[in-house]
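Understanding the architecture of this molecule
Chain residues, written in single-letter form:
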Amino acid sequence: MKKALLILLALVMLFPLAAGGSKEDGTTVRIGVFEPASGDNGAGGKQETLGIQYANSLAPTVDIDGTTYNVELVIVDNESSNDRAATAASMLVNEDVSVVLGSYGSGVSIAGSDTFRAAGVPAIGITCTNPQVTEGNTHYFRICYLDPFQGTVLANYAYNELGARTAYCLAKLGDDYSGGLVNYFIQQFKALGGTCISETFPDGNSDFTSYVNNAKNSGAEVFFSPVSTEAAQLIIDQSSSQGLGMPILAGDTWDSNVILQAAKGKSNVDITVTTFYPEGANPEFDAGFQEWVNADSTRLANNGGDDTVAAVTAMGFDAYNFALQAIKNAGSTDPADVMEALWTTETDGVTGHIALEQVNGDAIRNTVYVKHCNTDTGAWDALPAVVVE
């Protein structure tokens, strides 16, 4: 009886592994998802992850050299923290992933990079726009445009479209994304003949009253602050209550329904952002995602409580399919083979054609989409896209 019981226990322990596809059974390929689900960038990270998960729901398998593999997403929360990045990256490496997607937030991507490099695991940045993510390495790739491009477009818009000659710029101290994008904006705005007043706020700051007052008293005609959605909500509320009196410009982090919700009903707030994808550009994708996200309360909550299609969601969708194509091209689940295949992989995504230049592995992109917040409807109004030849 004891021997029979031991055999039964052994079978019970083995069954879940066989049913789920173990690391050793050879029928599963793992894709790591290196994204924040908490911290300053948690809202954006959740929406980017939703795009990956939606893509996985439509394409849950991949054919590799005649064998069909199940695709398993291994998701870790890097907590929007540079200090947490290496630990979160190590968790993915230890799960034998073939490739990693993420992260929303350039700083945490940079902080996790060395862990992926040391393990020989390729990573694909989705919306991390700081040049340092890929600069000088051969393991981190990217499917979005970069901040020098985005910063130039924003500065041109402020100077040429808004007629601003003095800009107030606000970034978070020590933040690679907002600090970097502000610097690129300033370079171009000054080159056009404009003047910039620049300030930074410390981590954990929740009172932007003094910064709004400084902007008002500076003589600036535009307020530029490409910070996290968490800080952006506070800036919007305090700009409205204090009567900022000038347009607010921001980059892709502000392209979120969190921003729309914060700005709705505030007629004295004027917000324009640059982004990767305008809702409505691909109706089939939008409708499919909205049906999928509305079917599950957790998904809906992770999308900010409604079915707005964020640009980062579309980019997450494209990144997953780009990774699948690279795995197919590699004919292998081995990270080294996938890394080599990524350089020449191309796909047509919902955000456009994706191919990589051969120096740093950055996407060849020449289009930035511009959106203006309609505070009456709580939706984005699409403005003409900016195409740089």
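Residues numbered from 1 in each chain as written. Predicted model: local features only at pLDDT ≥ 70, side-chain atom pairs only at ≥ 80, totals over all residues. Heavy atoms only, no water.

What follows deals with the overall build of the protein chain. On a plain count of helices and strands, the protein chain comes out with 13 helices and 15 strands. For 389 residues, the compact-globule formula gives about 21 Å, and the C-alpha radius of gyration of the protein chain, at 22 Å, lands near that figure. Here the C-alpha coordinates of the protein chain stretch approximately 85 × 45 × 40 Å along the principal axes. Out of the 389 residues in the protein chain, the part that is buried amounts to 53%. Taking the intrachain contacts of the protein chain between residues at least 6 apart in sequence as the baseline, contacts between residues at least 24 apart amount to 69%. Accessible area of the protein chain: about 15800 Å², with a carbon and sulfur share of 50%. Here the protein chain carries 18 positive and 46 negative side-chain charges, and the mean point of each set is 6 Å from the other. (Helix = DSSP H or I, 4+ residues; strand = E, 2+ residues; numbered from the N terminus. Rg over C-alpha atoms; globule rule 2.2 N^0.38 Å. Buried < 20%, exposed > 50% of the residue type's maximum accessible area, 1.4 Å probe, protein only. Contact = heavy atoms within 4.5 Å. Areas by Shrake-Rupley, 256 points an atom, 1.4 Å probe, with all protein chains shown as cover. Lys, Arg positive; Asp, Glu negative; His and termini not counted. Charge placed at Lys NZ, Arg CZ, Asp CG, Glu CD.)

Judged by nonpolar contacts, the single largest core of 49 residues is most densely connected at Ile31, Leu101, Ile124, Ile143, Phe285, Phe289 and Tyr320. Sorting elements by how many residues they give to this core places helix H12 (residues 311–330) first, with eleven residues. When residues no more than four places from it in sequence are discounted, the contact partners of Ile124 are Val99, Val100, Leu101, Gly102, Tyr140, Phe141, Ile143, Phe322, Ala323 and Leu342. If you look at the next biggest cluster of nonpolar residues, it comprises 28 residues, including Leu170, Ala215, Ile235 and Trp254. (Core = buried A, V, L, I, M, F, W, Y, C linked by side-chain atoms within 4.5 Å.)

Another aspect to go through is the packing of H12 against helix H13 (residues 335–342). Closest axis-to-axis distance for the H12/H13 pair is 8 Å, and the angle between their directions is 110°. The angle between H12 and H13 falls in the class roughly perpendicular. Taken together, the residues of H13 that come into contact with H12 (itself represented by Phe322, Ala326, Ile327, Asn329 and Ala330) are Asp337, Val338, Ala341 and Leu342. Here the contact of H12 with H13 is composed, by residue class, of seven nonpolar, one polar and one charged. (Axes fitted to C-alpha atoms, helices over the stretch in contact; angles between N-to-C directions. Parallel < 35°, antiparallel > 145°, perpendicular 65-115°, else oblique. Nonpolar A, V, L, I, M, F, W, Y, C, P; charged D, E, K, R; others polar.)

Right, let's get into unusual backbone geometry. Cis geometry marks the peptide bond from Gly102 to Ser103; its omega dihedral reads 15°. Note that Ser103 resides in the loop between strand E4 (99–101) and helix H4 (106–119). In the Ramachandran plot, Ser80 falls in the positive-phi region, its phi being about 60° despite a non-glycine side chain.

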